[in-house]
There are 2 protein chains.
Amino acid sequence: MVKIDPDRLMADLKQLRSFGATGPGVVRLSLSPVDLAAREWLAGRMSDAGLDARIDGIGTVFGRSRNPGPALLIGSHTDTQPTGGWLDGAMGVIYGLEIARALGEHDATRNLAVDVASWIDEEGTFSGLLGSRSFVGEEVDSAIRDAANRQGERLEDVLAAAGLAGRPRAQFEPGRQLAYLEPHIEQGGRLEAIGKAIGVVTTIVGMRELRLRFTGQRNHAGTTPMAIRRDAGAALVAFIATLNDAFKQLADADTVWTVGRIDLEPGSMSVVPGTADMYLQFRDANPARLQAMESALAELVRDFNARNAVSVELQTVDEPIDPVSMDATLAEHIARAAEAVAPGQWLRMPSGAAHDAQVIARCMPACMMFVPSIGGVSHDFIEDTAEQHIVLGCQVAASAAASMLLELAAKAA
Amino acid sequence: MVKIDPDRLMADLKQLRSFGATGPGVVRLSLSPVDLAAREWLAGRMSDAGLDARIDGIGTVFGRSRNPGPALLIGSHTDTQPTGGWLDGAMGVIYGLEIARALGEHDATRNLAVDVASWIDEEGTFSGLLGSRSFVGEEVDSAIRDAANRQGERLEDVLAAAGLAGRPRAQFEPGRQLAYLEPHIEQGGRLEAIGKAIGVVTTIVGMRELRLRFTGQRNHAGTTPMAIRRDAGAALVAFIATLNDAFKQLADADTVWTVGRIDLEPGSMSVVPGTADMYLQFRDANPARLQAMESALAELVRDFNARNAVSVELQTVDEPIDPVSMDATLAEHIARAAEAVAPGQWLRMPSGAAHDAQVIARCMPACMMFVPSIGGVSHDFIEDTAEQHIVLGCQVAASAAASMLLELAAKAA
């Protein structure tokens, strides 16, 4: 069996962590100086591993195996959230690097091709999932032209300043790359709660993001009797109760919905709010359930408008994202590898978070595997995973990668 | 009977409106250049009316009658909200000016003393109700030293720049000023709704302002199952429902409570809120009811903390304000004057808004009267009152003032 080198794996992960290290966390926003330095370092480590490595025209680091295909593409991202953890994305990329090295060190796997990618801007500093979208052939020129970060820096200018503008962009090579594997931290607390070490991802959930704007009448909070108020904030609060009831009827244990933001206008203690906005996100692995939730919400809105002096309007904040199924055959390779390396310590589960894998799945079979997040925490400086789980996860991924590639090679032969 | 001059009244009101006019509204923040210009103009009109007028050491314009007491003090304020209306405060001050003039034009009232005040900063650009608080002898030196406006300008510096620092401040003269009258727009829709022209104020309601902070656990909105969430925002929404139930049990038709602001942290669609703040204000004319509401709220908080994984903490935002009863004898003078001028077109009502009268009532009997606000709107550019109601209100106030002063003179004799 292919054996990874735990010390080499951890050393590279810790080296990558040093780019943007902030306390226990990491601040490495896409294309920031520290992120560019990390990309240079990563390309160097890929070259050291025998890959043909380059940073492409939008910042994706792509390490192409010198072996002919069929190739397994292993990828994730090395950019972070504004207050990010050290493993979110980074771990999957370094797994890819380590697996390319480990396979190259064993006779049985020496001739297999592992390509490794660190997709640019998964976290959306400029435009979320940009690198993987570009790779699969999505039109991203307009995003490159129009996107800017929170500081108002335009993506186009940042790429030019970094000397990347005009370079070719990494593109999917049909016939070569036949499968995609993205190892990642779970970012939730399910594995930890039931004491498992590996999650084999079945589906990346779909998502809806909506704003509900309630419009009433702004008024003096002292002189306006309750009976004649048209309080947009009170209407919003009442609406959430009916929404919760309706969604509970439709949900299963994995369905989630969140009101992450509420704005009452003008936001003064002495003023009855005239308008009130709530931002609602809901996610599920089942497209039919997402559709049913959307229909239920639309019906609640119609019903509310028919009965209330405050009106409510539903607006889409972001394009709907449909659930993406992971390839069952690839998932089975991961499951078998997990059972071999860590018997009984794995389970199948959906991914509640978005990942580049949902984009790459448009052009080739894709799969994901998770390792546990301590306390279920991510997108936070204190995000962490036990070292034994990091090492175990890489060994599972390496074994699964070898088994996928051997099957692909057998089919090609 | 004393007759006011409607044309002179309206001309002065419109002249005052020109200072800071912004569309139909007025922006005349305390001690801004345009407010200082308006104060100079007002002091000049008071002098024209035969009053000894001056701008005091914090900006209050005080016009003292040259007649000996007993005096009736008529006052309100000429500063506005950031987006203010033209009558809120201004109307009562110009009523005082017109009443001083009108009484001086009739033999029966010529020797009566009407002092007129425009109290500085009722609206709290620097420190709410500052002028009336200074007048009644409250310690305001620390407020003068520490207060700043939203632009960060310090009150002390602004007073020095205006040449007011060091001037004496208007002070209550016991034995002279024996009653206070504050005419004002209603700022609510009750008079309009029932077709009345004059409100005789019984009480200025008391108020509580509190913040409730809910503390749960911030988490990823995609990967955290509903069953294990500690969503501070959802807890806040659920709490408001129980609060509404409890307060409805205690309320009468005049009780009001308002959640004017809600902040979910971090305020992102993809993050389960870890903390959530709601700002709650409630007002009532009955001190026992305010106390009961306060107790009910404290009990809800205890109960919530005992039952929930999200905790809630109650904090006072501002000092409690107790209800202030208006003087019944003075109110009766207004009621008789209203019945004489506009039979059947008046009613007794509480004031849901705060006014300088609640401060002045600490040192002398005080009363208030209202005229209707069109659409119940105030603290807004479109605030307005029908001209017939403005004129009628001034006539009622003048008749009431004469009758109060004649009674005070008779008692003194």
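In the annotation of an unreviewed UniProt entry, chain A is listed under the name Zn-dependent hydrolase and assigned to Paraburkholderia sejongensis. Taken from UniProt, the Cofactor (unreviewed entry) comment for chain A reads in full: "Mn(2+)". UniProt, in its Subunit (unreviewed entry) section for chain A, records the words "Homodimer."

Participant: Where do I start with the sheet that holds strand S13 (residues 275–284) of chain B in this structure?
Facilitator: Each strand in a sheet pairs with its neighbour through backbone hydrogen bonds, running either in the same direction (parallel) or in the opposite one (antiparallel). Residue and element names in this part refer to chain B. As summarised here, the arrangement of the 4 strands in space is S11-S13-S9-S14, forming an open sheet in which the pairing is antiparallel. A strand with exactly one partner marks an edge of an open sheet, and here the two such strands are strand S11 (256–265) and strand S14 (311–321). Looking at each pair of strands side by side, their axes are set apart by 15° on average, direction ignored. Two strands pair when backbone bridges link them, and strand S9 (residues 206–215) and S14 are joined in this way by 8 bridges, in the antiparallel orientation. By the bridge assignment for S14, leucine 212 is matched with leucine 314.

Participant: Would you explain the sheet that holds strand S13 (residues 275–284) of chain A in this entry?
Facilitator: Residue and element names in this part refer to chain A. Here 4 strands make up an open sheet; going across it, the order is S11-S13-S9-S14 and the pairing antiparallel. Only two strands of the sheet have a single neighbouring strand rather than two, namely strand S11 (256–265) and strand S14 (311–321). Going across the sheet, the axis of each strand differs from the next one's by a mean of 15°, ignoring polarity. Note: S11 against S13, 9 bridges, orientation antiparallel. Looking across to S13, one finds that isoleucine 262 is bridged to methionine 278. Of the strands in this sheet, strand S9 (206–215), S11 and S13 are in contact with helix H8 (residues 232–250), which crosses S13 at around 15°.

Participant: Is there a simple way to explain the packing of helix H1 (residues 6–17) of chain B against helix H3 (residues 90–104) of chain B in this structure?
Facilitator: In a packed pair of helices, the relevant descriptors are the angle between the two axes and the axis-to-axis distance. Residues and elements named next belong to chain B. Close contact between H1 and H3 brings their axes to 10 Å; oriented N to C, the two are set at 140°. The handedness of the crossing between H1 and H3 is right-handed. In contact with Arg8, Leu9, Asp12, Leu13 and Leu16 of H1, H3 contributes Ala90, Met91, Ile94, Tyr95, Leu97, Glu98, Arg101 and Ala102. In the contact of H1 with H3, the residues fall into 9 nonpolar, no polar and 4 charged.

Reading guide: rules and limits
- Residues numbered from 1 in each chain as written.
- Chains lettered and ligands numbered in written order.
- Predicted model: local features only at pLDDT ≥ 70, side-chain atom pairs only at ≥ 80, totals over all residues.
- Heavy atoms only, no water.
- UniProt positions renumbered as here; feature names shortened; annotations may be inferred.
- Pairing = 2+ DSSP bridges.
- Helix = DSSP H or I, 4+ residues; strand = E, 2+ residues; numbered from the N terminus.
- Axes fitted to C-alpha atoms, helices over the stretch in contact; angles between N-to-C directions.
- Contact = heavy atoms within 4.5 Å.
- Left-handed = near helix turned anticlockwise from the far one by under 90°.
- Nonpolar A, V, L, I, M, F, W, Y, C, P; charged D, E, K, R; others polar.

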